[in-house]
Amino acid sequence: MTERQKTAVVTGASSGIGAATVQVLCAAGYHVILAARRRERLEKIAREYGGMPLELDVTSSASVAAFAAQIDIPVDVLVNNAGGALGKESLVEFDEEHWLQMYQSNVLGLARVTRALWPRLQQSPAATVINIGSVAGEETYAGGAGYTACKHAVRAISETMRLEWLGQPIRVTEIDPGLVETEFSLVRFAGDAKAAKAVYEGMAPLVAEDIAEAIRWVVSLPEHVNIDRLVIKPRDQARVDKVARR
Ligand code: NAP
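The model shown is predicted, which means the values in this text are computed figures rather than measured ones.

A. Here's a closer look at the side chain of D176. Within the fold, D176 resides in strand β6 (residues 170-177). D176 gets classed as buried once you look at its relative accessible area, which sits at 0%. In terms of polar contacts, D176 uses its side chain to reach the side chain of R155, at 3.2 Å. Look past the residues within four positions of D176 in its chain and what remains in contact with it is G133, S134, V135, R155, R229, L230, V231 and I232.

B. Summary view of unusual backbone geometry. Residue A190 is not a glycine yet carries a positive backbone phi of 50°. Among the structural elements, A190 can be located in the loop between α6 (184-188) and α7 (193-199).

C. Region of the structure containing the pattern of salt bridges. Under the criterion given, the structure shown has twelve salt bridges. For the salt bridge of R155 with E174, the shortest nitrogen-to-oxygen distance reads 3.1 Å. Highlighted residues: R155 in helix α5 (residues 145-164) and E174 in strand β6, separated in sequence by 19 residues. Comparing R155 with E174, the two get one shared label, buried. Between R216 and E213 there is a salt bridge whose closest N-O contact spans 2.8 Å. Of this pair, R216 and E213 both sit in helix α8 (residues 208-220), three residues apart, which is roughly one turn of the helix. Judged by its relative accessible area of 29%, R216 is partly exposed. Using a relative accessible area of 38% as the deciding quantity, one classes E213 as partly exposed.

D. Looking closely at the packing of aromatic side chains. The full count for this structure, using the stated rule, is three aromatic pairs. On the numbers, 4.4 Å between centres and 45° between planes, the contact of F94 with W99 is tilted. Here F94 falls in the partly exposed class, since its relative accessible area comes to 36%.

E. Representation of the site of the ligand. Inspection of the region around the ligand gives 31 residues, with S14, S15, R37, Y147 and T182 positioned closest. Contact between the ligand and S15: an oxygen atom at 2.5 Å from a side-chain N or O atom of the residue. A distance of 3.5 Å separates a nitrogen atom of the ligand from a polar atom in the backbone of L56. For the ligand, whose free accessible area comes to 870 Å², the fraction covered by protein is 95%. Going through the elements one at a time, α1 (16-27), α5 and α6 are the ones with two or more residues in the shell around the ligand. Grouping the constituent residues of the shell around the ligand by class yields 13 nonpolar, 13 polar and five charged.

F. Looking closely at α5. When the terminal C-alpha atoms of α5 are compared, their 28 Å separation across 20 residues agrees well with the 28 Å that a helix rising 1.5 Å per residue should span. Three or more residues of α5 are buried, namely G146, Y147, T148, C150, K151, A153, V154, R155, S158 and M161. Against α4 (96-122), β5 (127-132), β6, α6 and β9 (229-232) lie the buried residues of α5.

Procedures and definitions
Residues numbered from 1 in each chain as written. Predicted model: local features only at pLDDT ≥ 70, side-chain atom pairs only at ≥ 80, totals over all residues. Heavy atoms only, no water. Helix = DSSP H or I, 4+ residues; strand = E, 2+ residues; numbered from the N terminus. Buried < 20%, exposed > 50% of the residue type's maximum accessible area, 1.4 Å probe, protein only. Polar contact = N/O pair within 3.5 Å; in protein donor to acceptor, adjacent residues only side chain to side chain. Contact = heavy atoms within 4.5 Å. Salt bridge = Lys/Arg side-chain N within 4 Å of Asp/Glu carboxyl O. Phe/Tyr/Trp six-rings, centres within 6.5 Å; stacked < 30°, edge-to-face > 60°. Near = heavy atom within 4 Å. Areas by Shrake-Rupley, 256 points an atom, 1.4 Å probe, with all protein chains shown as cover. Nonpolar A, V, L, I, M, F, W, Y, C, P; charged D, E, K, R; others polar. Expected span 1.5 Å × (residues − 1).

Quick look at the structure:
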């Protein structure tokens, strides 16, 4: 009997950590569904590594429903990666639109996609949900209240998943990266390349492939092994805002 090909859904697959995850999971033999808003980017990545691109805006319930309706096979791995930070204003100057958007993508989006794919996750004999949190989910920094609050919420949601799904064949892993050089800072600073570059100046940040490799490892473990949480930082970073620069 030939083994069934496993399916992995990766949100935020059009860039950075998501795109690198598509590459490693395709190489590991998964049928990968690539999801994000920028369809052309997804198509390019799928041409390079494989997989099926599907448009998805996690901030829209209608988009999530339309996305999930196109998936009629068991989902063995769900990587809730779509998200990011917007702005770095102090608390008393916070931008409501930024905060709403961050909650919509990092928090509600993660919950929406998981809820929509729940029937498909249950069809897998052994599923894994990986939530991409951040070191901002366990620490705070000045100017980061909106984003850190969102990633603290990812921690709460990941733990709740483990409680609510206890006894079912489904694992939950939270991966919390430190500084990873992707388009994250470019998005955060609204396309200001100089400000984005300064975040990684004089230090050796992680690259997206470092996080993808952790995801590959987590899903490759025997079914009974659940990695609850991985905190992965560059050697040059001791805390969220404590970085060695040369
Ligand atoms: P990135 O290069 O900016 O990628 C972000 C991805 O999220 C893109 O593919 C983007 O795709 C997608 N996305 C954003 N909003 C979305 C929405 N509404 N619907 C669907 N997809 C959406 O940044 P990254 O570093 O790879 O970030 C990936 C995850 O890692 C995020 O959750 C981020 O918070 C987390 N993280 C990053 C770092 C870091 O230092 N880079 C550290 C800790 C945690 P579209 O724009 O095409 O929709």
